[in-house]
Amino acid sequence: MDAERPVTAFGPDFPFPFDEWVAHPAGLGRVPDDRLGTEVAIVGAGVAGLVAAYELMRLGLRPVVYESSQFGGRLRSQPFEGADGIVAELGGMRFPRSSTTFHHYVDLLGLRTEPFPNPLTPAAGSTVIDLHGETYYGRTLADLPQFFTEVADAWTSALAERASFGPLQRAIRERDAATVKRLWDALVPRWDDRTFYDFVSTSTAFSDLSFRHREAFGQVGFGTGGWDSDFPNSMLEILRVVLTGCDEDQLLVVGGVEQLPQGLWRRSPDGLAHWPAGTSLSSLHGGATRPGVARIQRVAPGTIRVTDVYGVARDYGCVLTTCQSWLLSTQIDTDESLFSQELWMALDRTRYMQSTKTFVMVDRPFWRDVDPATGRDVMSMTLTDRLTRSTYLFDNGDDRPGVICLSYSWMSDSLKMLPYPVTHRVELALRALRQIYPQVDIASHVIGDPITVTWESDPHSLGAFKGALPGHYRYNRRMYCHFMQDGLPPAERGIFMAGDDVSWTPAWAEGAVQTALNAVWGILHHLGGACAPDNPGPGDRFGELAPLALPD
């Protein structure tokens, strides 16, 4: 009997095999000879911008990448001072194995991955759940009190009862696009305008249990931890995560995920169209991106002018924006006429979630020490209802410093940290952890300077990632489908969008990569190019696979 195919990020809104398209030996397509070398502006050097730039370069175009902040965007690996290769992952840090298009580029660059130390996984070793002042220790779910199994089973039952979970995930495994669309399209109008909490609280499985079960589900959750910060979100957002396996079997990139955008920037691919062997994005740019963008304006039919923060203007036939969508209203003077009013509504109504992380480096992975009185690890991966919420432990080997993400928090828990400097954040985290581990002197192991980030305070991010509210499906569809431009007025063509906030799966790098590839197809098509007949792109199959359109 054939082995079961793995779950991948195949849809469900647009079940196109991006991983197969990008890996096909025929390549992504060809542009007309007279278009070779054409400049395309890329606004933002995050993973979406770099993937798009890399693939456009392979097609023989000349990407011109602009960046106003830090290279890599939210794939940001900040080194600890004085430590070789020891980093704090400030943005994306865990990447589901199901993100197969993202991992195409990880593998292309030869980056090494390891299992991420999520709760109750072998990579974590042990897990502590601290809830209502009670502490529970385990290595698997079976080690915890029956109460937590009841919570997990209720979630599984709710998905089966209300979301066709088994048949839909089976169709995703089998890459049966027609079945995926049939089942998913029935769920979209049912759950677009209802919250995650509504789904949980009104399910038969949870209704038969106590409020404490729902509360614990929000505090310590499933897969990667507590999900109460997502309770106000549209249930569709959560269904996409669990259906495509984003909440399980996650990997980290050894040495930091920022190696991926840096690697794409420097890589000289084989088989380049137009450009000589050895060409890279770095060499096309003279080693550095252009400055941030101050203005985007239409100056003539088919011509869009991009002006950087120093007043230097360049004209392009195509522009790809990968920055956070609010920046097109608040930071970049963008001609209103470039987008329809309906699309502006979608861009401005996008809602971003807040997030804070605080890291320290420690002298060694002391948490592996065994308490002789209990036989347990002295410290564990920790989920709690205290201020820290989630604490992760990163073991770089016995002879190297370890890293502790003291606190990873969201929304209101992140806002509690917003006014405070890193030292106070560390003090607050250590105070909370002392309540859980009274016998462990964590502070005595801390070396070097701590590192923190609050994404909502970054003027170039304004938040960690999108969190769609009920009723936002139509907005998401307008943004996602914008790469299909044949039906747009000429004044709105030639400017494209990509990034995880344009995707159906915000917070996951896979969404940024997939929308970047949509934009590559859109730019290729806009310039008169086409895909190989045996490797049709997302736009070629759009009529067959297009996301469901709800009535206005």
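Up top you'll find the structure we're talking about.
Summarised in this report is the structure supplied together with it. (Residues numbered from 1 in each chain as written. Predicted model: local features only at pLDDT ≥ 70, side-chain atom pairs only at ≥ 80, totals over all residues. Heavy atoms only, no water.)

## With respect to the overall build of the protein chain
Point 1. Looking only at helices and strands, one finds 19 helices and 22 strands in the protein chain.
Point 2. Here the C-alpha radius of gyration of the protein chain, 24 Å, is about what a compact globule of 552 residues would show, namely 24 Å.
Point 3. Residues classed as buried in the protein chain amount to 58% of the 552 residues present.
Point 4. A sequence separation of at least 24 residues applies to 72% of the contacts in the protein chain between residues at least 6 apart.
Point 5. Of the roughly 21400 Å² that the protein chain leaves accessible, carbon and sulfur atoms contribute 50%.
Point 6. In the protein chain, which carries 48 positive and 67 negative side-chain charges, the distance between the mean positions of the two groups comes to 2 Å. (Helix = DSSP H or I, 4+ residues; strand = E, 2+ residues; numbered from the N terminus. Rg over C-alpha atoms; globule rule 2.2 N^0.38 Å. Buried < 20%, exposed > 50% of the residue type's maximum accessible area, 1.4 Å probe, protein only. Contact = heavy atoms within 4.5 Å. Areas by Shrake-Rupley, 256 points an atom, 1.4 Å probe, with all protein chains shown as cover. Lys, Arg positive; Asp, Glu negative; His and termini not counted. Charge placed at Lys NZ, Arg CZ, Asp CG, Glu CD.)

## Looking at the sheet that holds strand S16 (residues 355-362)
Point 1. The strand order across the open sheet built from seven strands is S8-S7-S17-S18-S19-S16-S20, with neighbouring strands paired in mixed fashion. Both edges of this open sheet fall to strand S8 (134-138) and strand S20 (446-454), since each of them pairs with a single strand only. For this sheet, the mean angle separating the axes of adjacent strands, direction not counted, is 15°.
Point 2. Alignment of S16 against strand S19 (residues 402-410), held across eight bridges, turns out to be antiparallel. Note that in S19 the partner of Lys 357 across the bridge is Tyr 408. (Pairing = 2+ DSSP bridges. Axes fitted to C-alpha atoms, helices over the stretch in contact; angles between N-to-C directions.)

## What to know about helix H17 (residues 473-480)
Point 1. Looking at H17, one finds that the buried residues are Tyr 473, Tyr 475, Asn 476, Met 479 and Tyr 480. What you see down the axis of H17 is that its buried residues fit within an arc of 160°, all on one side. (Arc of directions from axis to C-beta.)

## Examining the sheet that holds strand S6 (residues 113-115)
Point 1. Taken together, the three strands give an open sheet; going across it, the order is S5-S9-S6, and neighbouring strands pair in antiparallel fashion. The sheet terminates laterally at strand S5 (95-96) and S6, the two strands that pair on one side only.
Point 2. Of the strand pairs in this sheet, S6 and strand S9 (residues 250-253) are connected by three bridges, and their pairing is antiparallel. Among the inter-strand pairings, Glu 114 is bridged to a residue of S9, identified as Leu 252.

## What to know about the pairing of strand S11 (residues 303-308)
Point 1. Where strand S10 (residues 293-300) meets S11, six bridges bridge the pair, whose relative direction is antiparallel. Across the sheet, residue Arg 295 finds its bridge partner in S11, namely Thr 307.
Point 2. Linking S10 to S11, which pair antiparallel, is a turn of two residues; within it Gly 302 sits at a positive phi near 80°.
Point 3. Here S11 pairs with strand S12 (residues 313-316) via four bridges, running antiparallel. The residue bridging Ile 304 from the neighbouring strand is Tyr 316, located in S12.
Point 4. Connecting S11 to the next strand, S12, in antiparallel fashion are four residues, including Gly 311 with a positive phi near 90°.

## Here we look at the packing of aromatic side chains
Point 1. The final tally for this structure, using the stated rule, is 34 aromatic pairs.
Point 2. Measuring from centroid to centroid gives 5.3 Å for Phe 147 and Phe 148, while their planes differ by 85°, and the two rings are edge-to-face.
Point 3. Considering the side-chain rings of Phe 217 and Phe 231, the 6.4 Å spacing of their centres and the 20° angle between planes classify their relative orientation as stacked. Of this pair, Phe 217 sits in helix H9 (residues 211-220) while Phe 231 sits in the loop between H9 and helix H10 (235-243), and the two are 14 residues apart along the sequence.
Point 4. Of the residues examined, Phe 231 reaches a relative accessible area of 13% and is grouped as buried.
Point 5. One residue, Lys 357, lies across the ring of Tyr 408, its end atom 4.6 Å from the ring centre. (Phe/Tyr/Trp six-rings, centres within 6.5 Å; stacked < 30°, edge-to-face > 60°. Lys NZ or Arg CZ within 6 Å of the ring centre and 35° of its normal.)

## Focus: the pattern of salt bridges
Point 1. The final tally for this structure, using the stated rule, is 27 salt bridges.
Point 2. The salt bridge partner of Arg 58 is Glu 55, with a shortest N-O separation of 2.8 Å. Of the two residues, Arg 58 and Glu 55 both sit in helix H2 (residues 47-58), three residues apart, roughly one turn of that helix.
Point 3. Judged by relative accessible area, which is 28%, Arg 58 ranks as partly exposed.
Point 4. Its salt-bridge partner being Asp 192, residue Arg 474 comes within 3.8 Å of it at the nearest N-O pair. Here the residue Arg 474 occupies a position in helix H17, and Asp 192 occupies one in the loop between helix H6 (177-191) and helix H7 (196-201), the gap between them amounting to 282 residues.
Point 5. Given a relative accessible area of 27%, Arg 474 falls into the partly exposed group.
Point 6. One salt-bridge network, held together by shared partners, links Asp 228, Arg 389, Asp 413 and Lys 416. (Salt bridge = Lys/Arg side-chain N within 4 Å of Asp/Glu carboxyl O.)

## Here's the deal with the environment of Ile 172
Point 1. Along the chain, Ile 172 falls in helix H5 (residues 165-174).
Point 2. Taking C-alpha positions, Ile 172 is 24 Å from Asn 118, a pair spaced 54 residues apart along the chain.
Point 3. Ignoring anything within four residues of it in the chain, the contact list for Ile 172 reads Val 7, Thr 8, Phe 10, Val 180 and Leu 243.

## Comments concerning the packing of H2 against helix H18 (residues 509-526)
Point 1. At a closest axis distance of 8 Å, the pairing of H2 and H18 adopts a crossing angle of 40°. Between H2 and H18, the angle falls in the class oblique. Seen along the crossing, H2 lies across H18 with a hand that is right-handed. Two secondary-structure elements touch here, H2 through Val 47, Ala 48, Val 51, Ala 52, Glu 55 and Leu 56 and H18 through Ala 512, Val 513, Ala 516, Leu 517, Val 520 and Ile 523.
Point 2. Taken together, the residues of the contact of H2 with H18 break down into 11 nonpolar, no polar and one charged. (Parallel < 35°, antiparallel > 145°, perpendicular 65-115°, else oblique. Left-handed = near helix turned anticlockwise from the far one by under 90°. Nonpolar A, V, L, I, M, F, W, Y, C, P; charged D, E, K, R; others polar.)

## A word on the pairing of S9
Point 1. Alternating residues of S9 divide into Gln 250 and Leu 252 and Leu 251 and Val 253, and every residue in both groups is buried.
Point 2. Sheet analysis places S5 next to S9, joined by two bridges and oriented antiparallel. From the neighbouring strand, Pro 96 faces S9, where its bridge partner is Gln 250.

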